[in-house]
Amino acid sequence: MSKAILSTIIVLLVGWRSIAADFKIISEGNKHGLADKNGKIVIPIIYDNLGWSNGKTDLIGEVLGYLEDGKWGLISTKNRRISKAVYIDLLPAQDEFLIASTKGTYSDASLFGILDTNGKARLGFQYHSLEPQGNFLVAGQKKNGVVKWGVLNYEEQEIIPLNYEGVKVQHLNFVVKQNGSSAIFDFAGNQLSEFNYDKIGELGSYSLLYDELGKQGLADMLGNIITQPKFKSIRMNNDSSATLTEFPKWELILPENGTVKEYFYDEIVPVSHGIYSVTTNGRQAIINSEEEYLLNGNDWEITVPDDEFVIVKQDNKYGVLKEGGLTVLSLQYDSIYYSGKHFYALTKEEEKYRWQIFSPFGNLISSSYYDAVFPMSESVMATKKNGYWGYIDFSGHTVIEYKYDFAWPFKEGRAKVDYLGNQGVINTAGEWVVYPNHSEVTIVNRDLFIDNTGKRLDLLDALERTVYQTYNQLLPHSYGLLEVSSAGKLGLVDHQGVSKIPPIYDHISELSDNKVYILKKDGYHTIMAKDGRIILDRTNEFEKIGNLSEGFLSIIKDNRHGFIDLDGNLRIANRYDMVKDFKEGMAAIQLVGHWGFIDRLERLRIQPLYDEVEDFIRGISVVSKKDWYGIIDMQGNEILEIAYDSVFRNQLNSFIVVKSGKYGLANFKGELLVPPKYELLIENSNGYLIVKQRGKYGVIKKNGINVIPPIYKNILHDDINGYYLASRFSEEKVISIR
């Protein structure tokens with residue numbers, strides 16, 4: 001049988017892939033070879049694969065790659081091995097050039113270079129990445145452990161130096177990234193713009209869309225600016241015109257004085273005096289009133305500890321700003337805490353994290369570094385240095401020497417400290433009040449302490465005399481200490497360590513109306529005065545004794561509600577379904593499901609006619625009847641007609657009224673200042689009202705006169721700076737770009 005016939009039979013028996021009109025890859029089992037268009041085998045079926053490492057099989061001239069033992073080499077269609085199989089990657093680049101990679105000498109990382117079709121290295125194998133882009137190669141090379149990017153030609157000439165964070169081809173230009181920002185370079189390597197842009201992309205055939213601080217602009221292919229970056233979005237209508245959509249315009253308005261400044265953002269929110277948080281296309285930033293960027297990007301956080309300072313965090317570093325964005329502490333600390341008097345800043349010093357203490361002006365209080373700190377209390381601050389705790393004053397001077405294993409903040413001139421394995425109590429002069437002879441001490445007040453040594457608790461006075469002992473738990477209470485037995489029974493110990501109430505009660509209230517305590521045991525009630533005197537002892541006449549209000553205690557007797565005085569006398573008969581506390585001499589009572597009011601003599605001052613009532617405040621009450629709301633005075637007169645969907649008190653001595661879904665305003669006399677005709681009404685601290693009408697916002701006075709006309713998309717009141725921020729709807733405009 002002839003070789004030609006045999007070759008034809010083999011091609012028919014094995015699989016094949018076409019790689020060009022004149023050749024086909026053939027396979028038998030897991031091996032591959034090459035046949036010409038007549039079926040003649042030109043490369044034996046002995047290779048693991050033929051083609052290129054990217055899976056493609058196109059011929060480059062008369063050569064292609066072969067895979068042998070996991071590596072690639074170069075072979076001709078005439079079965080001439082042009083190179084040995086030594087490459088990890090081997091793939092076409094441009095014309096007669098191929099990209100190849102080998103393992104590095106000192107690492108497993110691949111290093112890339114360029115071969116020609118004769119197997120000759122045209123670019124040395126020193127690059128961590130090579131990406132063909134037309135006549136150029138975008139190259140990455142590791143420098144000082146970091147891959148830097150640039151652009152080469154196939155003669156290894158640098159078009160753009162390999163010094164940048166990233167490079168990509170954008171139509172007729174290169175977009176180069178450095179320090180998180182981008183610039184435009186032409187194909188000759190000339191820099192056409194500054195590194196001002198967050199990102200750059202194509203828009204149409206002849207324009208580049210670029211983004212700066214979340215705002216979009218337009219440039220031509222040479223990097224020439226067509227529009228400044230100030231738009232929310234840009235879209236091409238055709239190759240010669242574009243539609244620009246502006247951000248909502250926010251006007252900074254002073255009542256009576258008009259607009260004083262304009263901003264263009266999706267949102268703007270006051271943070272502190274002269275500091276604002278702004279959002280543009282999802283990108284957040286902090287600016288001052290002059291639109292200088294204080295923090296940019298999305299990786300930041302702010303904390304506002306008071307109305308003077310702002311603690312900022314970016315890239316895990318902390319700093320402090322004050323009015324207008326002025327820097328108090330630069331953005332360099334690992335943590336910052338503000339106590340209301342000082343800033344505590346954590347920093348790394350000599351490979352250890354230490355604290356420094358600064359004044360509200362940013363001045364360093366002490367040149368020392370501290371291992372740990374507690375907030376200032378009673379003019380001194382507990383700090384840890386060189387492994388021991390001591391105390392410093394406002395100026396950073398040591399006032400109590402560093403000798404304690406641990407130290408707590410002062411309380412009433414006393415501080416608990418750990419010393420030589422035990423606990424004691426010192427005063428602000430560092431003198432022992434309770435010697436460190438105890439395993440655990442708790443400060444109750446300046447003259448009373450709990451020794452928690454062992455199972456027994458000892459109460460010690462200022463002379464360290466034991467004034468009370470117990471095996472029960474002692475907890476803080478407004479009377480002194482609440483004593484809790486293992487059975488859950490309660491008693492009281494006063495601030496001198498004297499047991500006033502043994503732990504036999506089921507319930508002991510906190511101080512009611514700053515006058516009495518209510519005690520309960522086995523269904524009996526006891527009323528005790530603030531000074532410990534028993535006013536009413538062990539009565540079971542009532543199911544419940546409630547709060548003290550204006551000298552009367554609410555009670556429940558026979559499932560009916562009333563009031564008793566502090567002597568236990570029934571002063572308001574238990575005849576009511578429910579009662580509320582006395583306020584301004586009147587108490588709300590419920591009879592047969594309706595509410596009215598009585599006075600302290602149980603005279604029915606206002607008939608029970610209402611479904612709901614509120615307590616009297618400044619002589620008036622909000623009431624409802626049959627789902628309508630209004631306001632009455634203490635004589636029961638309707639000073640605001642019971643004809644509204646709802647009426648609710650404003651914190652500014654007025655009432656918001658709602659009728660048929662519309663909002664209005666009434667004063668404390670029940671006078672309707674603003675009729676309910678607005679879709680929304682908000683009273684501000686300056687006495688003006690934000691209103692919404694026909695879907696738009698404005699500001700009015702209480703007499704209804706416009707201060708800011710209702711033409712805005714939104715309005716918010718900046719209580720911090722005293723302005724209004726009013727936004728208009730976005731606008732569009734069309735421009736010619738050619």
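Just so you know, these numbers come straight off a predicted model, no measurement behind them.

Asker: Got a minute to help me understand the side chain of Ser277 in this structure?
Answerer: Tracing the sequence through the fold places Ser277 in strand β27 (residues 275-280). Look past the residues within four positions of Ser277 in its chain and what remains in contact with it is Glu267, Ile268, Val269, Val271, Ala285, Ile286 and Trp300.

Asker: When you look at the environment of Asn721 in this model, what are you seeing that I'm missing?
Answerer: On the secondary structure map, Asn721 appears in the loop between β77 (714-718) and β78 (723-727). For the pair Asn721 and Ser272, spaced 449 residues apart in the sequence, the C-alpha separation amounts to 7.8 Å. Filtering out sequence-adjacent residues up to four positions away, Asn721 remains in contact with Pro270, Ser272, His273, Gly274 and Tyr276. Within the structure, Asn721 has its side chain in polar contact with the backbone oxygen of Ser272 (distance 3.5 Å).

Asker: How should the packing of aromatic side chains be read in this particular structure?
Answerer: By convention here, two paired aromatic rings are described through the distance between centres and the angle between planes. Applying the stated criterion to the full structure yields 31 aromatic pairs. Here Phe185 and Phe195 contribute two aromatic rings whose centre-to-centre distance is 6.3 Å and whose plane-to-plane angle is 55°, an arrangement assigned as tilted. Here Phe185 is found in strand β18 (residues 181-185), whereas its partner Phe195 is found in the loop between β18 and β19 (199-203), with ten residues between them in sequence. Phe195 sits in the partly exposed class, given a relative accessible area of 24%.

Asker: Looking at this structure, how should I read the sheet that holds strand β11 (residues 121-127)?
Answerer: Within a sheet, adjacent strands bond to each other through the backbone by hydrogen bonds, running parallel or antiparallel. Spatial strand order, β8-β9-β10-β11: four strands in an open sheet with antiparallel pairing. At either margin of the open sheet sits one strand with a lone partner, and together these are β8 (89-94) and β11. For this sheet, the mean inter-axis angle between neighbouring strands, taken without regard to orientation, is 20°. Alignment of β8 against strand β9 (residues 97-103), held across five bridges, turns out to be antiparallel. The residue bridging Leu91 from the neighbouring strand is Ile99, located in β9.

Rules used in this analysis
- Residues numbered from 1 in each chain as written.
- Predicted model: local features only at pLDDT ≥ 70, side-chain atom pairs only at ≥ 80, totals over all residues.
- Heavy atoms only, no water.
- Helix = DSSP H or I, 4+ residues; strand = E, 2+ residues; numbered from the N terminus.
- Contact = heavy atoms within 4.5 Å.
- Polar contact = N/O pair within 3.5 Å; in protein donor to acceptor, adjacent residues only side chain to side chain.
- Phe/Tyr/Trp six-rings, centres within 6.5 Å; stacked < 30°, edge-to-face > 60°.
- Buried < 20%, exposed > 50% of the residue type's maximum accessible area, 1.4 Å probe, protein only.
- Pairing = 2+ DSSP bridges.
- Axes fitted to C-alpha atoms, helices over the stretch in contact; angles between N-to-C directions.

Everything listed is a geometric property; what it means functionally is a separate question.
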